[in-house]
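Each chain is listed here by its residues.
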Amino acid sequence: MEYIDNLPSMDLMRSEKMTFVQLIIPVESAHPAITYLGQLGLLQFRDLNADKSPFQRTFVNQVKRCAEMSRKLRFFKDQIHKAGLLPSPRPASQPDIELEELEIQLAEHEHELIEMNSNSEKLRQSYNELLEFKLVLQKASDFLVSSRSHTTAQEMELSENVYSNDNYSDTASLLEQEMQPEFSNQSGVRFISGIICKSKVLQFERMLFRATRGNMLFHQAVADEEILDPSSNEMVEKIVFVVFFSGEQARSKILKICEAFGANCYPVPEDMTKRRQITQEVLSRLSELETTLDVGLRHRDKALTSIGFHLTKWMNMVRREKAVYDTLNMLNFDVTKKCLVGEGWCPIFAKTKIQEALQRATMDSNSQVGIIFHVMDTVDSPPTYFRTNRFTNAYQEIVDAYGVAKYQEVNPAVYTIVTFPFLFAVMFGDWGHGICLLLGALVLISKESKLSSQKLGSFMEMLFGGRYVLLLMSIFSIYCGLIYNEFFSVPFHIFGGSAYKCRDASCSDARTVGLIKFSDPYPFGVDPSWRGSRSELPFLNSLKMKMSILLGVAQMNLGIILSYFNARFFNSSLDIKYQFVPQVIFLNSLFGYLSLLIVTKWCTGSQADLYHVMIYMFLSPFEALGENQLFWGQSVLQVILLLLALVAVPWMLFPKPFILRRLHTERFQGGTYGLLGTSEVDIYEEPDSARQHHHEEFNFSEVFVHQMIHSIEFVLGAVSNTASYLRLWALSLAHSELSTVFYEKVLLLAWGYDNLAIKLGGLTVFAFATTAILLMMETLSAFLHALRLHWVEFQNKFYHGDGYKFNPFSFASLADDDD
């Protein structure tokens, strides 16, 4: 035990030791002190004003000002983006300015931009109207001229035979009225001209037809130019239309429909001379507006460019200031109203750095009173903090996704770094596929500095975050692939010749029949002669199934051993005596014994049926094993192990609840004074509650039921978890068989033809299937199954995961987008 205690501690084995501190800060030093602590990023403040709303806090006005400045900066960013300008990635070198001065500058810039945008919108609206007017004049003139040309040929005949009729105005059609010159202005054949979006033309014409009951004539033509839509800032294709109708009622209906569809109507005179005059005026005004708009846009882009040079620096400054005031709102005034009191957690190693930062803040503020920094006692559970780097961070995230470790609890990430990629590789073992994954991981790592500064999509961000996990998964896949001797399912004689050869010269197919062993076993991995043989599948199934059980029992034993280190660290002797010891006995009496039988059978080459041995160990423990006996004394050992397994179940279930009740009774009846150094007594206290030592009712039934559930879960879990590790065998077999199918049924089949197109097609299908199914879907499948084995089968033996993360106040962790 002393040897274990004297072992050096690992960085990631347990979380950093934390301490609860109190700060008493003079008002004049508060802002620089919090700023320096934000730069340091090693102190997590506790909110001492949790009972107050955000509007009741001390620095609410400063927070509102920062939020308003953030809004203005987002407005500038949007304007720069809409203008197609790129903000400067590097902040311009500018002397530091105060927050008040920045607030004035931002207000001036916002007012200037709003005014320029307003003027630009008005000019753009006038320009669009004139441009539409010009297009309507051009197209409507063509309609009017064509309609006039149709009347000249038939005007005399119509005036003699039709127009002289007294009932003409009631019976004439709209087209006939349109052709009569005398009735054009008097009897009511009129027209409305305008312009509408092309996407609305069909519905617009249908609505006009229904509203006028067909008493209208609709002409349309595509506008020669596209028009800029100010709302979407995109060019829109429009249609010029002219509607001929009769009657005032029809006119009002048509105008309402035009308004509903967003069609703009423009007056077009019938006189050709007037149309020409108006067209000339419109063209001249358009030219003037184009010049004015161009000058305004250049001026606006110049202003936005000057803002863009400082935008990044301003946004960082405002974001930091807002974070500082948000943190100051978590502090409380003391009774004199001259000092702010703050409390929080920090790692013990950071105390010196925090004190240095507070001394700098005192000097910068020229305060006559220093900042008081002292350690306090608390009954609250400290946060969990692991110092990780780029390599270990991804593995820590995998563990934290299940649950954050309790303070000073054993951290599974230490072992996950090795076991996770290895179990993945057991299911994904193929050194050809492993090389493909390795190349992808190396590409991500080589572009690390470039990709880390970019905004990536959700899938790419996840892939980039796990680049070092992918690296180890690929390396272990190559290793397991060499053991399985599979390169895209093809075996190679890498480590020498096969241990098998043809029985005699008449052996025609040495791959399937007539093989005998003539030399020592293949030095590393599976002999390549197994591939394609009749016994390949039974042999590999047996090998991988037994290997899965060995790996599973080993990892579950590791989890139970880690529970011992947890209990020893927290001085919980009850957990060691009545949880660790019976769990080790039960698991190894059954499945440890099975692992021993597997290894013994491999070493001796016995033909014993292990299924029969394990089944009749329970059904007939005293029956002779006969030919299934692997070593002397096996029958006696089986009986002893079975009895130990049966004893271990009540050992886990009964003693601990009764001992806890006795300890509780002695604790409050004078039998024992002081705090008990066991985690069992404290297990029922909430992490954030004060430890109040008064008479509490000990709910024995609840404790006993909890222990019974835990014991039953372990007993049943020992069986189900061991069976769950067989997924290593199943997925490895599936991966190997899929790879074989794609190789033999796609690539080799296509390669058997003399046609080059068929060969290229087969190669393309093989490459696509390998990439999409084996390198993507199978990788994801093996990843998820390895994740499950760690979260459920491994971590449930020792890991509680009911802690909370250390979340220090740090400028580095501020979000890019301020809410």
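Look above for the structure.
Cut-offs used in this document
Residues numbered from 1 in each chain as written. Predicted model: local features only at pLDDT ≥ 70, side-chain atom pairs only at ≥ 80, totals over all residues. Heavy atoms only, no water. Helix = DSSP H or I, 4+ residues; strand = E, 2+ residues; numbered from the N terminus. Buried < 20%, exposed > 50% of the residue type's maximum accessible area, 1.4 Å probe, protein only. Contact = heavy atoms within 4.5 Å. Areas by Shrake-Rupley, 256 points an atom, 1.4 Å probe, with all protein chains shown as cover. Lys, Arg positive; Asp, Glu negative; His and termini not counted. Salt bridge = Lys/Arg side-chain N within 4 Å of Asp/Glu carboxyl O. Pairing = 2+ DSSP bridges. Expected span 1.5 Å × (residues − 1). Axes fitted to C-alpha atoms, helices over the stretch in contact; angles between N-to-C directions. Parallel < 35°, antiparallel > 145°, perpendicular 65-115°, else oblique. Left-handed = near helix turned anticlockwise from the far one by under 90°. Nonpolar A, V, L, I, M, F, W, Y, C, P; charged D, E, K, R; others polar. Arc of directions from axis to C-beta. Phe/Tyr/Trp six-rings, centres within 6.5 Å; stacked < 30°, edge-to-face > 60°. Lys NZ or Arg CZ within 6 Å of the ring centre and 35° of its normal. Patch = residues over 30% accessible without salt bridge, like charges linked within 9 Å, V, L, I, M, F, W, Y side chains within 5 Å. Polar contact = N/O pair within 3.5 Å; in protein donor to acceptor, adjacent residues only side chain to side chain.

A.B. asks: Looking at this structure, I do not really get the overall build of the protein chain. What am I missing?
C.D. replies: Along the backbone of the protein chain there are 25 helices and 13 strands. Residue burial in the protein chain is summarised as follows: out of 819 residues, 44% are buried. Within the protein chain, counting contacts between residues at least 6 apart in sequence, those at least 24 apart form 80% of the total. Only carbon and sulfur atoms are counted for the fraction: they give 58% of the accessible area of the protein chain, which is about 44500 Å².

A.B. asks: Help me understand the side chain of E409, please; the structure alone is not making it clear to me.
C.D. replies: By the secondary structure assignment, E409 is in the loop between α12 (393–402) and α13 (413–428). No salt bridge is formed by the buried E409, whose closest oppositely charged neighbour, K406, lies at an N-O distance of 5.7 Å. In this structure, E409 is in contact with M13, R14, N566, F570, F798, Y799, H800 and G801, ignoring residues within four places of it in sequence.

A.B. asks: Where do I start with the environment of I372 in this structure?
C.D. replies: Summarising the element assignment, I372 is placed in strand β11 (residues 372–376). The class for I372 is partly exposed, based on a relative accessible area of 43%. A C-alpha to C-alpha distance of 7.9 Å links I372 and Q22, two positions 350 residues apart in sequence. Ignoring any residue separated from it by four or fewer positions in sequence, one finds I372 in contact with Q22, L23 and I24.

A.B. asks: Please clarify how the pairing of strand β7 (residues 238–246) should be interpreted in this entry.
C.D. replies: Consecutive side chains of a regular strand alternate in pointing toward one face of the sheet and then the other. Along β7, 8 of the 9 residues are buried, which leaves the element largely enclosed by surrounding structure. Two strands pair when backbone bridges link them, and strand β3 (residues 189–197) and β7 are joined in this way by 9 bridges, in the antiparallel orientation. Within β7, the position partnered with G194 by the bridge is F241.

A.B. asks: Help me out: how do you make sense of helix α23 (residues 700–724) in this one?
C.D. replies: The α-helix advances 3.6 residues per turn, and as a result positions three or four apart in sequence lie on the same side. Between its first and last C-alpha, α23 extends 34 Å over 25 residues, near the 36 Å set by a 1.5 Å rise per residue. Those residues of α23 lying buried are F700, V703, F704, Q707, S711, F714, V715, G717, A718, N721, T722 and S724. In this fold, the buried residues of α23 make contact with α18 (536–569), α19 (573–604), α21 (634–653), α22 (655–668), α24 (727–751) and α25 (756–794).

A.B. asks: What's the story with the packing of α19 against α22 in this structure? I'm lost.
C.D. replies: Each packed pair of helices is defined by two parameters, the angle between the axes and the distance between the axes. It is the contact of α19 with α22, at a shortest axis distance of 10 Å, that shows an interaxial angle of 155°. One way to sum up the angle between α19 and α22 is to call them roughly antiparallel. Relative to α22, α19 is oriented so that their crossing is right-handed. Across the interface between the two elements, L574, D575, Y578 and Q579 of α19 pack against P655, K656, I659, L660 and L663 of α22. Broken down by class, the residue content of the contact of α19 with α22 amounts to 6 nonpolar, 1 polar and 2 charged.

A.B. asks: What is the right way to look at the pattern of salt bridges in this model?
C.D. replies: Two side chains with opposite charge may pair up if their charged atoms get near one another. Applying the stated criterion to the full structure yields 25 salt bridges. E343 is the partner of R46 in a salt bridge, and the nearest nitrogen-oxygen pair spans 3.6 Å. In this pair, R46 is assigned in the loop between β2 (44–45) and α3 (60–82) and E343 in strand β10 (residues 339–347), connecting sequence segments 297 residues apart. E68 is paired through a salt bridge with R71; the nearest N and O atoms lie 2.6 Å apart. Of this pair, E68 and R71 both sit in helix α3, 3 residues apart, which is roughly one turn of the helix. Residue class for R71 comes out partly exposed when judged on its relative accessible area of 33%.

A.B. asks: Teacher, can you tell me more about helix α11 (residues 351–364) here?
C.D. replies: The first and last C-alpha atoms of α11 sit 20 Å apart over 14 residues, in line with the 20 Å expected at 1.5 Å per residue. Taken together, the buried positions of α11 are occupied by I354, A357, L358, A361 and T362. For α11, the angular spread of buried residues about the axis comes to 140°, placing them on one side. Away from its buried face, by an angle of more than 90 degrees, α11 presents the exposed residues Q359 and M363.

A.B. asks: Please explain the packing of aromatic side chains as it appears in this structure.
C.D. replies: By the definition in use, this model includes 35 aromatic pairs. Measuring from ring centre to ring centre gives 4.9 Å for Y385 and F806, while their planes differ by 55°; the resulting arrangement is tilted. Residue Y385 is located in the loop between β11 and α12, and its partner F806 is located in the segment after α25; the two are separated by 421 residues in the primary sequence. With respect to class, Y385 is no different from F806; both count as buried. Among the aromatic residues, those joined into a ring-pair cluster are Y402, W791, F794, F798 and Y799. Lying across the ring of Y36, R360 places its NZ or CZ 4.7 Å from the centre. Geometry around Y484 places K544 over its ring, the cationic atom sitting 4.3 Å from the centre.

A.B. asks: Whenever I open this one, the sheet that holds strand β4 (residues 216–222) confuses me. Can you help?
C.D. replies: Pairing between sheet strands relies on hydrogen bonds along the backbone, with the strands arranged either parallel or antiparallel. The strand order across the open sheet built from 4 strands is β4-β7-β3-β8, with neighbouring strands paired in antiparallel fashion. Of all strands in the sheet, those bounded by a partner on one side alone are β4 and β8 (264–266). Averaged over neighbouring strand pairs, the angle between their axes works out to 25° when direction is ignored. Relative to β8, β3 is paired through 3 bridges, and the arrangement is antiparallel. Residue pairing for β8: S193 is matched across the bridge by Y266.

A.B. asks: I would appreciate a short explanation of a nonpolar patch on the surface in the present structure.
C.D. replies: A contiguous nonpolar patch, built from Y611, I615, Y616, F618 and L619 and spanning about 560 Å² of accessible area, is present on the exposed surface. Mapped onto the secondary structure, L619 falls in helix α20 (residues 610–619). Take L619: its relative accessible area is 60%, and that puts it in the exposed class.

A.B. asks: Would you mind showing me how to read unusual backbone geometry here?
C.D. replies: The phi torsion of most residues other than glycine is negative, and most of the peptide bonds are trans. Unusually for a residue other than glycine, R213 sits at a positive phi of about 55°. Among the secondary structure elements, R213 is positioned in the loop between α8 (201–211) and β4. Look at S489: it is not a glycine, yet its phi comes out positive at around 75°. For S489, the location among the structural elements is in the loop between α17 (467–484) and β12 (500–502).

A.B. asks: Honestly, the packing of helix α14 (residues 431–446) against α17 in this entry has me stumped. Any pointers?
C.D. replies: α17 packs onto α14 with a crossing angle of 160° between their chain directions and a minimal axis gap of 8 Å. It follows that α14 is roughly antiparallel to α17 by the angle criterion. For the pair α14 and α17, the sense of crossing is left-handed. Where α14 approaches α17, its residues W431, G434, I435, L437, L438, A441, L442, L444 and I445 are matched on the opposing element by R467, Y468, L470, L471, S474, I475, S477, I478, G481 and L482. When the residues that make up the contact of α14 with α17 are grouped by side-chain class, the tally is 14 nonpolar, 4 polar and 1 charged.

A.B. asks: Which parts of the structure should I look at to understand the environment of S498?
C.D. replies: When you line up the elements, S498 lands in the loop between α17 and β12. The sequence separation of S498 and S529 amounts to 31 residues, and the corresponding C-alpha distance is 6.4 Å. In this structure, S498 is in contact with H493, F518, S519, D527 and S529, ignoring residues within four places of it in sequence. Polar side-chain contacts of S498 include one of 2.7 Å to the side chain of D527. Within the local environment of S498, its side chain forms a polar contact with the side chain of S529, the two groups lying 2.5 Å apart.

A.B. asks: Which parts of the structure should I look at to understand the environment of T312?
C.D. replies: Residue position: T312 is located in helix α10 (residues 272–328). For the pair T312 and L73, spaced 239 residues apart in sequence, the C-alpha separation works out to 9.3 Å.

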